[in-house]
Structure formats: structure tokens, C-alpha cells
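Here's the letter readout for the chains.
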Amino acid sequence: MYRSPMTDRLHSFGSNETKAQFILSLLPITLFFPIGIGYTGIVLFIAAWLIEGHYRDKWQAIKDSPMFFPVLALLVVTCVAGALLERQHGFWKAWLHYQIYWFLLLFISVGAGQWQQRALKVFFTGAVLAATLFYLNYFHLLPNWGLVQNYINYAGNKSILLGILLGIAGGWMLNDIFAKRDQLVLRIVAFLYITLALLLFAKTRSGSLILVFGCAVVLLRHITFSWRSLLLVVLTVALLGVAWETATGFRERLLGTANDIKAFVGGGKVSDEGVRLEMYRITGQMIEEHPVVGHGIGSWEANYPARAKGLLSENMATPHNDYLLYTAELGVIGLAALLWIWFTQLVVAVRIGGTNGVRLFTIGVAIMFGGLVNAILRDALFGIAFMILLAIPLAGVSRHAYRNHYSGDMDK
């Protein structure tokens with residue numbers, strides 16, 4: 001297993017694991033519960049991070065990360081935009097949202113360690129627990145507690161996040177099924193358990209599609225001409241097919257989306273769920289006015305209501321598409337900075353290889369797809385969750401190591 005220089009120094013002080021690493025390893029399970037729990041965990045992590053010191057080592061770990069320069073580039077772009085373009089009401093809040101990837105750099109500054117394996121297990125445990133809560137709610141056995149309200153009633157972005165998390169967990173579990181030979185039956189049962197809960201009960205198309213994309217990535221990575229591989233591929237495809245036929249709610253929502261797109265292109269009326277298409281059209285008009293540098297940070301929320309007067313989307317806070325949002329506010333320059341970050345994640349995933357590389361690639365695909373239909377980075381609810389999960393495969397990966405095709409597989 002690859003260790004960052006900081007991790008080696010921490011071991012030299014006689015510590016097998018820092019408090020910050022331990023707290024970080026527990027954060028994945030907080031993502032499945034009300035946001036206040038997760039924020040409390042992050043505050044505890046930051047407090048431990050500050051108390052432990054070794055700031056020079058942590059800064060070196062950040063600078064060594066392949067994500068450092070792309071994230072720095074976005075910081076520079078937003079600073080220049082803030083200095084030169086018109087500032088709207090709520091500028092600083094919007095500006096801070098653009099810096100979400102600095103949380104990732106903060107998380108990976110603790111270095112590699114056993115915390116990564118624990119974090120992975122904690123995330124899978126959280127996914128199984130979330131699936132169980134969905135099953136209990138279906139059978140009317142879930143108590144009406146505030147802690148589990150998001151499993152009982154649809155609650156907007158939090159409910160969407162639960163589906164996305166289950167989708168990512170399903171892809172990662174399938175990856176372990178192919179990559180590991182121990183506890184194979186248990187892994188398959190856990191994969192089926194959360195997959196069915198996602199497709200049958202989670203009220204989101206995004207999570208289901210992320211599951212499909214993640215499974216496709218895993219199948220393409222692991223397929224060989226061995227009987228074991230071919231059997232697992234056939235079983236996976238068959239199970240997804242059965243789930244498609246069983247999950248009538250998901251299928252109806254997906255077909256409804258297709259009908260909305262057809263109606264929108266033909267100039268017809270879209271359903272309430274097709275309101276995103278309306279936002280995309282108007283945001284596209286904003287982009288045409290200032291395609292290179294955009295309208296400025298925070299300009300979308302400030303200007304959109306007047307452009308959508310009387311429409312269903314008039315009071316929306318974002319266009320539910322990060323590609324369009326970045327281009328509308330920062331122009332193609334800002335979009336290029338965002339894509340540099342996202343493509344770097346995929347390139348690093350390919351170069352480090354192994355099961356860790358597959359995990360990073362699948363979550364990279366999930367972010368890029370999620371950015372098409374949700375405010376993945378502008379909404380901290382999504383953004384922080386992705387930064388925590390990205391830290392699991394990225395911690396300890398050095399820019400110099402991955403350029404030399406080093407495999408940073410933490411399972412080795």
C-alpha cells in the first residue's frame with residue numbers, strides 16, 4: 001500500500017492512526033442521516049486536524065496530490081472573476097460554493113492509512129442500513145422519528161442524495177465481487193439487498209442511473225473470458241433486467257423524462273418534473289450573452305427570476321446542471337476549470353488501477369453525470385458527500401507516483 005510522506009512521519013511518532021483519520025473514517029455513515037449529523041462530524045474532524053499540528057506535512061500532502069493544481073486553477077478563476085466582474089447579492093456565499101474541492105484536499109491531507117479500509121466498510125454498512133430503513137418503511141415498521149424522516153417522505157435533495165449514495169455503493173460492491181474471492185456469497189447478497197432497495201423505494205432517477213453506469217464501468221473493467229467472470233457478468237445483467245421490470249416507479253419516471261424531452265423539443269407542454277428543460281433553455285440564453293467570461297459569480301440566482309417570470313422554475317436557486325451554471329457565471333473559462341478537475345479524477349483512476357482505481361473512476365462518472373441533472377457542487381449537501389467519498393481512494397496518491405503508473409490500491 002502506498003503511503004504519503006506525511007503518513008510515514010506520523011508512524012515515526014509512534015502513532016498508527018491519528019484522531020483526524022479515525023473521525024474521517026466514520027464520516028461516510030453520517031451521510032445517510034440528517035445533514036446536521038454530518039456537519040457535526042466535519043467540525044470534529046477539523047478540530048482534531050488543527051489540534052494534531054504537523055501543518056507542513058499536511059500542506060506537502062496537499063501539494064503532492066494530483067488534484068492540487070486543477071483545484072488551484074478554479075480558485076484563481078473565481079478570484080479573477082470576483083475582482084473583474086459585477087458582484088451580485090450573495091456573492092461571497094456563491095464564491096465559497098466554488099471552493100468545495102478544498103474540502104477534498106483537507107481530507108486527503110491526513111495521508112493514507114488503515115482509515116481508508118475502515119471508511120469503505122463504514123460506507124457499505126451505511127448503505128445496508130439505509131436499504132433496511134427503506135424496507136422497514138415499505139412494511140410500515142419504521143418509527144416516525146426525525147432521524148429517519150428522509151426515508152419516509154420525499155425531502156428534495158436529501159432524498160436524492162440517499163439514492164445517489166446507494167447507487168455508488170452498489171457499483172463499489174459489484175467491484176469487490178469481481179475483485180475479491182472471499183465472502184463472495186455475502187457480497188452478492190449485500191449488492192442485491194441495496195440494489196433492490198434503490199430501484200424499488202428510493203425516490204430518485206439519478207441514483208438508479210448512477211448504479212447502472214457504475215455497474216457498466218465495473219463490468220467493462222473486469223470482464224474476461226474466464227467462466228467465473230462471464231457467469232458474474234450474465235448474472236449482473238440478468239439481475240438488473242429483473243430489477244428494471246420490477247421497479248415500475250423508476251421505469252415510469254424514466255419514461256416520463258423521455259416524454260418530456262420529446263414534448264420540449266416539439267414545442268409542447270412538459271410535466272412538472274420536466275421543468276429542468278425550461279431552466280436549461282433560459283440558462284442557455286444567458287450563456288449566449290457572455291459565453292467567454294460569464295455574468296459573474298452569483299449572477300444566475302440574481303438574474304434568473306426576471307427571465308423566468310410566471311414560469312414554474314421562477315423561484316429555483318440553481319439550474320440543476322453544474323455545467324450550465326459554471327458556464328453562465330464563469331463562462332467557458334470556468335467550465336474548462338471544472339472539467340480539468342473532473343477529467344483529472346478519471347485520469348488518476350486509470351493510472352493507479354486496481355480496485356481503488358475502479359472506485360475512483362465510478363465515483364468520477366457519478367459526479368459528472370450528477371452534474372448534468374443536479375447542483376452537485378453548488379449544493380453543499382451533495383458536494384461534501386462527494387468530497388468525503390473521493391477522499392477514500394485519493395488519500396495517499398501522489399502526483400509523482402501516479403504519473404509513473406504506480407498502483408495506489410489500498411486493498412493490497
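Heads up: these notes are all about the structure in this document. (Residues numbered from 1 in each chain as written. Predicted model: local features only at pLDDT ≥ 70, side-chain atom pairs only at ≥ 80, totals over all residues. Heavy atoms only, no water.)

**A look at the packing of aromatic side chains**
Step number 1: Counting across every chain of the model gives 20 aromatic pairs.
Step number 2: Note on F91 and W92: the rings are 5.0 Å apart at their centroids and 80 degrees apart in plane angle, and the pair reads as edge-to-face.
Step number 3: With relative accessibility at 51%, the residue W92 sits in the exposed group.
Step number 4: The interplanar angle of 45 degrees and the centroid separation of 6.3 Å between the aromatic rings of F103 and F107 together place this pair among those described as tilted. Note that F103 and F107 are positioned in helix α7 (residues 101-108) at a spacing of 4 residues, about one turn of the helix.
Step number 5: Relative accessible area serves as the criterion here: at 30%, F103 is assigned to the partly exposed category.
Step number 6: Ring-pair connections join several aromatic residues into one group, and the members of that group are Y135, Y138, F139, Y193 and F201.
Step number 7: One residue, R87, lies across the ring of F91, its end atom 4.6 Å from the ring centre. (Phe/Tyr/Trp six-rings, centres within 6.5 Å; stacked < 30°, edge-to-face > 60°. Buried < 20%, exposed > 50% of the residue type's maximum accessible area, 1.4 Å probe, protein only. Helix = DSSP H or I, 4+ residues; strand = E, 2+ residues; numbered from the N terminus. Lys NZ or Arg CZ within 6 Å of the ring centre and 35° of its normal.)

**Details of helix α18 (residues 354-373)**
Step number 1: Look at α18: 30 Å from first C-alpha to last across 20 residues, which is about the 28 Å you get at 1.5 Å a residue.
Step number 2: In terms of residue burial, α18 counts as a mostly covered element, since 15 of its 20 residues are buried. (Expected span 1.5 Å × (residues − 1).)

**Quick notes on the pattern of salt bridges**
Step number 1: As enumerated under the stated definition, the model contains 8 salt bridges in all.
Step number 2: Notably, a salt bridge pairs R187 with D176, separated by 4.0 Å at the nearest N-O pair. Here R187, found in helix α11 (residues 184-201), pairs with D176, found in helix α10 (residues 157-179); they are 11 residues apart in sequence, far enough to count as distant. The two residues R187 and D176 agree in class, both being buried. (Salt bridge = Lys/Arg side-chain N within 4 Å of Asp/Glu carboxyl O.)

**Things to note about the side chain of T318**
Step number 1: For T318, the position within the fold is in the loop between α16 (299-307) and α17 (322-352).
Step number 2: A residue is classified by how much of its surface remains accessible, and T318, at 12% relative accessible area, is buried.
Step number 3: Residues in contact with T318, not counting those within four places in the same chain, are M279, W300, A375 and R378. (Contact = heavy atoms within 4.5 Å.)

**Topic: helix α2 (residues 19-30)**
Step number 1: For α2, which comprises 12 residues, the first-to-last C-alpha distance of 17 Å matches the rise-based estimate of 16 Å (1.5 Å per residue) to within 8%.
Step number 2: Buried within α2 we find A20, Q21, L24, S25, L27, P28 and T30.
Step number 3: Where α2 is buried, its residues touch α3 (35-52), α7, α8 (115-138) and α19 (380-394).

**Observations regarding the packing of α8 against α10**
Step number 1: Packing of α8 against α10 brings their axes to within 10 Å, and their N-to-C directions diverge by 125 degrees. With respect to α10, the axis of α8 lies oblique. In this structure, α8 meets α10 at a crossing whose hand is left-handed. On the side of α8, the interface is formed by L120, F123, F124, A127, V128, A130 and F134, while α10 contributes L162, L165, L166, I168, A169, W172, M173 and D176. (Axes fitted to C-alpha atoms, helices over the stretch in contact; angles between N-to-C directions. Parallel < 35°, antiparallel > 145°, perpendicular 65-115°, else oblique. Left-handed = near helix turned anticlockwise from the far one by under 90°.)

**Section: the nonpolar core**
Step number 1: One finds F32, Y101 and I168 to be the most contacted residues of the largest nonpolar core, which totals 115 residues.
Step number 2: No other element matches α17, which puts 14 residues into this core.
Step number 3: Setting aside anything within four residues of it in sequence, one finds F32 in contact with F123, G126, A127, A130, Y151, K158, L162, L165 and L166. (Core = buried A, V, L, I, M, F, W, Y, C linked by side-chain atoms within 4.5 Å.)

Coordinates in, geometry out; function isn't part of it.
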